[in-house]
Every structure is written in structure tokens, then in C-alpha cells.
Amino acid sequence: MIQANMQLDAKGLACPMPIVKTKKAITDLEEGQVLEVQATDKGSKADLAAWASSVGNQYLGTVEDGDVLYHYIRKGSNEPEVEQSFEHTVSLDGIESRDGLILDVREAAEYAFGHIDGAKSIPLGELDSRLLELDKEQEVYVICRTGKRSDLAAQLLANNGFTKVYNVLPGMNAWNGNIKKDI
Amino acid sequence: MSKKVAIIAANGGMFDAYKVFNIATAAAASDKEVQIFFTFEGLNLIHKQAMHGLEMPAGKEHFAEGFEKANVPAIPQLVEMAQELGVTFIACQMTMDVMGLTKEDFIDGIEVGGAVTFLEYAKDAAPTLTF
């Protein structure tokens, strides 16, 4: 199962109810959190993707299991342009061929729908408590969708004694290479 | 991009009601401002009694089963949801006068206005839809 912060049961409902219910449910989520929408309306896949982009949420993808569609939406994809403050950055180009670890700090659901092969997933919100999983002596290339969360993650790592940390810019939204999926 | 959707509801059958209220609720759920102008038979869709007994087009009555099977919400339920999502309903004054109807014949929360009221709203709406 893909990790989500909230589940919405919209099974058995016809258009436009899955959208209306999703709209209501997502108001209870924090920015950046992931909503799972369970639906049987076949049109809901195209509808939710269109809806998400029109209202500024991020449609991650859909998993089908029998008659049920599991849609994943991350609240608020329009990440504001913030100044990158972590000074060590590397370009996305050729990131695969570098020695070291690619650390993907997006939400688990975003990672599941497509990541660079070999990248390790630790969502930004969990990083603080999972530092022991990382090697301080290894190069760590931190990546997210746009470079914003990875900037924060890189700072967190540097503050905890990691010395070979780099923020990968721009991020997965510009990645044209091979994608590995966990679905 | 316009954040406004303008809809003219000019027909009063069951199918017409679904076209109007499905688009309206979907638009409202997508953070659009939505206004529906009800005119001529379209007034049926918000008439206190008539909205509970909207007719299928002649020869299409067998679709009633399909509506039930697809678990499509009833029209009064969609109307309530549209209002909850902030959709504005405007009943056409001229048609009401012609048909001898007053504001009390309609569900609560509607406004009454003329063609210019709607045109003023619709001048920068995209899309404007007619059913």
C-alpha cells in the first residue's frame, strides 16, 4: 500500500461526487500532505488529475486494484519560489553517475510513482528521526520535486555533521531519465 | 484565466438538470465562482415542487434504472450541494412574471434578476454554458 496521510472513501459514487468529496477532504490536510481517494467511478482518474492541476494540487498517480481506483493527491503543488539557501548544489544532469547516495526527500507516495533508480526514500518530515540510516562519510545528493524541500533537508544534514551534502537542482520535475516505480 | 463560470439553464427536464448541476458543482469544487441563470422551463429545476418530479425525455424513461444503478445523486441533493459550495442561483424575473410565479415558489437562497444581471456577471466569465 502507498503511504498517505488520509483516506477518502468515494467508492460507488458517480460524477461529480468524487471531486466534491475530494475538495472537502483536502481542506483538512496540511500543505504537502497526501490524500488517498478510493473510487469506482472510471472517469475519476482523468477528472481528479484535471481538478488537481486546476486548483493547485499535485496529482501523483493512480493504482488500480480490481474495480477500485486508488488516486493519490498531494496538497498544494505550487511551491513558492524561495531562495535556495544551502550553498552546495549540483546539477541534475549526470546525477546518476556520481559516487554516493541519492536521497529523495519527497513524500513516500511521490517516490512510489517514480524515482531515480537506486535513490533512497526518506520524506523530509521523517529525516530528523532517521539520520542513523545515513553514512556521514558518504556523499549525499538530496533531491525533491523542485529543490525546495531538498534545500531544507540538506541544511538539516549539514547541521547534523554531514559534510559532503549537495542539493540537486532543479529536481524530479525536470528529470527526463529513467524512472523506477514501486507500484 | 477566468475564475468565473456562467450557466444558463433554459430547459426543465431531468437530463437538463443533471447537465446543469453536475457542471456547476464540479466547477464550484474546482474553486470557480459559479452563477446559474434559470429561465423559461429552466425554472423547474429550482421550483420547490417541480424539482422533485422532473421528467425524462419521452421514450427515454428506461434510463431511470441506469441512474439508480450508477448511484447518481438525486437532483435535490445536487442542488443542495451546489448551494453549499457557493453556487449562486438567479431566477429570471421576466419568465416568472409570464408564468405567474413568485420568489416563494422557489427553493430558499435564490436571487431574482433580469437579463442584464446575468450579462454583467457573464461578461468576463469563461466558459459560459447554455443548457
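S.K.: Any chance you could explain the overall build of chain B here in plain terms?
M.R.: Helix and strand content of chain B: five helices and five strands. Helices (α) and strands (β) of chain B occur, in sequence order from the N terminus, as β-α-β-α-α-β-α-β-α-β. Compactness check: chain B gives a C-alpha radius of gyration of 14 Å against a globular reference of 14 Å for 131 residues, within 12% of the reference. Principal axes of the C-alpha set define a box for chain B whose edges measure 40 × 35 × 25 Å. A separation of at least 24 residues holds for 78% of the contacts in chain B among residues at least 6 apart in sequence. For chain B, the exposed surface amounts to about 6,700 Å²; the carbon and sulfur share of it is 56%. Charge separation in chain B, taken as the distance between the mean sites of 9 positive and 17 negative side-chain charges, equals 7 Å.

S.K.: Teacher, can you tell me more about the interface of chain A and chain B here?
M.R.: Each partner contributes to the interface: chain A provides 13 residues, whereas chain B provides 15 residues. Around 1,100 Å² of area is buried between chain A and chain B when both sides are counted, 61% of it from carbon and sulfur atoms. At the surface where chain A touches chain B, the tally comes to two salt bridges. Notably, a salt bridge pairs K23 of chain A with D31 of chain B, separated by 2.6 Å at the nearest N-O pair. On the surface where chain A and chain B come into contact, there are five residue pairs in polar contact (both at pLDDT 80 or more). If you list the elements that add at least two residues to the side of chain A that touches chain B, you get helix 1 (17–26) and helix 2 (44–55) of chain A. Top contributing element to the side of chain A that touches chain B by residue count: helix 1 of chain A, with five residues. Residue composition of the side of chain A that touches chain B, grouped by class: nine nonpolar, two polar and two charged.

S.K.: Sorry if this is basic, but what is going on with the packing of aromatic side chains here?
M.R.: Between two aromatic rings, the relevant description is the distance of the centres plus the angle of the planes. Residue and element names in this part refer to chain B. Per the counting criterion, the structure on display carries nine aromatic pairs over all chains. Plain terms: the ring middles of F21 and F38 are 6.2 Å apart, the flat faces sit at 35 degrees to each other, and that makes the pair tilted. Residue F21 is located in helix 1 (residues 14–29), and its partner F38 is located in strand 2 (residues 33–38); the two are separated by 17 residues in the primary sequence. Accessibility assignment for this pair places F21 and F38 in one class, buried.

Parameters at a glance
Residues numbered from 1 in each chain as written. Chains lettered and ligands numbered in written order. Predicted model: local features only at pLDDT ≥ 70, side-chain atom pairs only at ≥ 80, totals over all residues. Heavy atoms only, no water. Helix = DSSP H or I, 4+ residues; strand = E, 2+ residues; numbered from the N terminus. Rg over C-alpha atoms; globule rule 2.2 N^0.38 Å. Contact = heavy atoms within 4.5 Å. Areas by Shrake-Rupley, 256 points an atom, 1.4 Å probe, with all protein chains shown as cover. Lys, Arg positive; Asp, Glu negative; His and termini not counted. Charge placed at Lys NZ, Arg CZ, Asp CG, Glu CD. Buried area = accessible area lost by both parts, 1.4 Å probe. Salt bridge = Lys/Arg side-chain N within 4 Å of Asp/Glu carboxyl O. Polar contact = N/O pair within 3.5 Å; in protein donor to acceptor, adjacent residues only side chain to side chain. Nonpolar A, V, L, I, M, F, W, Y, C, P; charged D, E, K, R; others polar. Phe/Tyr/Trp six-rings, centres within 6.5 Å; stacked < 30°, edge-to-face > 60°. Buried < 20%, exposed > 50% of the residue type's maximum accessible area, 1.4 Å probe, protein only.

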